[in-house]
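Chain by chain, the residues run as shown.
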Amino acid sequence: MSNVYVIADNIVSPLGVSAAANFAAVTGGHSGIRLHDNTRLSPAPFYAALLSSEQLQAYSAAAGLQGYTKFEQLLILSVSDALFQSGIDISSPRTAFLVSTTKGNIELLEQQPDEPRVTEQMELMVTARKVADHFHYTGTPLVISNACISGLLAILTAQRLIASGRYDHAVVTGADVVTQFVLSGFQSFQAVSPEPCRPFDADRKGVTLGEGAGTVILSNRKDLAPEGAAMVRAGSVSNDANHISGPSRTGAELGMAMRLAMLNSGLTPEDIGFVSAHGTATLYNDEMEAKALHLAGLQDTPVTSLKGYYGHTLGAAGLIEAIIGIRALQQQVLIPTSGFAQLGVSMPVKVIKELEQRPMQHYLKTVSGFGGCNAAVVFSLNA
């Protein structure tokens, strides 16, 4: 199978509209999480990482996107920047187009509950086709919607499609927005933290939500890869078969995905420079991940969660966090877990507390989601 390179990337979030700006913000210790008092989303104030309406209006007006929903605007803005960097022909039949999300245009249900066309507009394939048409993509876009592993699963799916010889390139994009429907759902679980989330911390109180979009462009063409480009190596997907919203109590299934991702990449735990964990700061997720890290032999590997910077961006999380991880790998830097002070899981893991330089060649990204789904993917520097 051919190597698959990350030849371009983008992140649109409250921290910026490029991957470089986002990485600079994160390594500078800045978080997009703020206290919001927006009764349209929640009757009580809540913490989240939200794009301001002024930010999005400025970005979309400049790009001529007034006729698109907020979700669609995020996707188009992110893809546009990544495509500009890559120079690939998105209209080529050898280019795949993948869209990842959990809720898509669910906001339309809140805005137009009696509009007959709302159901059709909310269909993820309709949205993907609309975004693809904006870029004159002539093929059939592929939608990846598998709870919160969607973004990373989309990268892994694209990698496999290219490695199989079906495509030469893939545009992989994903987004989700915070809506009343989404926020109230997590609030009904009593899972939303009353303060910015604190992954793996002894005093963690739950998840903080966020919104944004991420895009990577993958290719088998090494000549298109910039100097120091990362490669998408092997990955694995598993399922707990435990509970619709509660993760495995043992971590065995995520641990298996981690082990297989490393094994199929020809690597051992000692080769992994750091793990970018899911780290939602809920009681059970962080406990499960700590156990999984031990089962995968990664208990001595530095671990970070980026949720304290972005909140949980749902279907975009795997993409946004993979991109930050790739840039950390390229810059040879370990990113601290924002909000972490004291370890609060039963199996000790090496949660990163401070920004630190470290020579490394590979890192592992993990995600988990409702329904018991898990995914793990290895990213490596192009040797």
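Conventions adopted
- Residues numbered from 1 in each chain as written.
- Predicted model: local features only at pLDDT ≥ 70, side-chain atom pairs only at ≥ 80, totals over all residues.
- Heavy atoms only, no water.
- Helix = DSSP H or I, 4+ residues; strand = E, 2+ residues; numbered from the N terminus.
- Rg over C-alpha atoms; globule rule 2.2 N^0.38 Å.
- Buried < 20%, exposed > 50% of the residue type's maximum accessible area, 1.4 Å probe, protein only.
- Areas by Shrake-Rupley, 256 points an atom, 1.4 Å probe, with all protein chains shown as cover.
- Lys, Arg positive; Asp, Glu negative; His and termini not counted.
- Charge placed at Lys NZ, Arg CZ, Asp CG, Glu CD.
- Core = buried A, V, L, I, M, F, W, Y, C linked by side-chain atoms within 4.5 Å.
- Pairing = 2+ DSSP bridges.
- Expected span 1.5 Å × (residues − 1).
- Axes fitted to C-alpha atoms, helices over the stretch in contact; angles between N-to-C directions.
- Parallel < 35°, antiparallel > 145°, perpendicular 65-115°, else oblique.
- Left-handed = near helix turned anticlockwise from the far one by under 90°.
- Contact = heavy atoms within 4.5 Å.
- Nonpolar A, V, L, I, M, F, W, Y, C, P; charged D, E, K, R; others polar.
- Salt bridge = Lys/Arg side-chain N within 4 Å of Asp/Glu carboxyl O.
- Disulfide = S-S within 2.5 Å.

Caption draft 1: The overall build of the protein, seen in detail. Scanning the protein from terminus to terminus reveals twelve helices and 16 strands. Here the C-alpha atoms of the protein give a radius of gyration of 19 Å, agreeing with the 21 Å that 2.2 N^0.38 yields for 383 residues. Across the 383 residues that make up the protein, the buried fraction comes to 58%. Working note: accessible area of the protein is about 14600 Å², and carbon and sulfur atoms make up 53% of it. For the protein, the centre of its 25 positive side-chain charges and the centre of its 32 negative side-chain charges are spaced 4 Å apart.

Caption draft 2: The arrangement of the nonpolar core in detail. The biggest cluster of nonpolar side chains holds 51 residues, and the ones touching the most others in it are Ile155, Val172, Leu218, Tyr310 and Phe379. Considering each element in turn, this core owes the most residues, eight residues, to helix 12 (residues 317-331). Leu51, Leu74, Val79 and Val131 belong to the second largest nonpolar core, which has 32 residues in total.

Caption draft 3: Spatial organisation of the sheet that holds strand 2 (residues 34-36). Strand order across the open sheet formed by three strands is 2-3-7, with mixed pairing between neighbours. Both outer strands of the open sheet, strand 2 and strand 7 (209-210), are each paired with one neighbouring strand and no more. Pairing of strand 3 (residues 46-49) with strand 7, which is carried by two bridges, proceeds in the parallel orientation. For Ala48, the partnering residue across the bridge sits in strand 7 and is Leu209.

Caption draft 4: Expanded view of helix 7 (residues 150-163). In this model helix 7 runs 20 Å from its N-terminal to its C-terminal C-alpha over 14 residues, within 8% of the 20 Å that 1.5 Å per residue would give. Where burial is concerned, most of helix 7 is hidden: eleven out of the 14 residues are buried. Looking one or two places after helix 7, you find Gly165, whose phi comes out positive at around 95°.

Caption draft 5: Structural detail: the packing of helix 9 (residues 252-263) against helix 10 (residues 283-295). Relative to each other, helix 9 and helix 10 sit at 45°, their axes nearing to 8 Å. When the interaxial angle is binned, helix 9 and helix 10 end up oblique. The element helix 9 and its partner helix 10 pack so that their crossing is right-handed. Counted together, Ala252, Leu254, Gly255, Met258 and Arg259 of helix 9 and Met288, Glu289, Ala292, Leu293 and Leu295 of helix 10 form the full contact between these two elements. Split by residue class, the contact of helix 9 with helix 10 holds seven nonpolar, one polar and two charged.

Caption draft 6: A look at the side chain of Thr69. The topology assignment puts Thr69 in the loop between helix 2 (53-63) and helix 3 (70-86). Leaving out residues up to four positions away in the same chain, Thr69 has contacts with Asn105 and Leu108.

Caption draft 7: View of the pattern of salt bridges. This model, assessed by the stated rule, comprises 16 salt bridges. Between Lys205 and Asp203 there is a salt bridge, with the nearest N and O atoms lying 2.9 Å from each other. For Lys205, a relative accessible area of 37% gives the class partly exposed. Classification of Asp203 by relative accessible area gives partly exposed; the value is 38%. Glu321 serves as the salt-bridge partner of Lys307, at 2.8 Å between the closest nitrogen and oxygen. Taken together, the positions of Lys307 in helix 11 (residues 307-310) and Glu321 in helix 12 put the pair 14 residues apart, joining distant regions of the chain. Accessibility expressed as a relative area gives 1% for Lys307, which makes it buried. The exposure class of Glu321 is buried, given its relative accessible area of 1%. Among the charged side chains, a salt-bridge network with shared partners connects Glu195, Arg198, Asp201, Asp203 and Lys205.

Caption draft 8: Focus on the pairing of strand 3. Judged from the three bridges that link them, strand 2 and strand 3 form a sheet pairing that is antiparallel. Note on strand 3: the bridge partner recorded for Arg34 is Ala48.

Caption draft 9: How the structure looks around the state of the cysteines. What the rule picks out here adds up to zero disulfides. As a non-bridged cysteine, Cys197 has Cys148 as the owner of its nearest cysteine sulfur, 13 Å distant. Free cysteine: Cys373, not disulfide-bonded; nearest cysteine sulfur from Cys148 at 7.2 Å.

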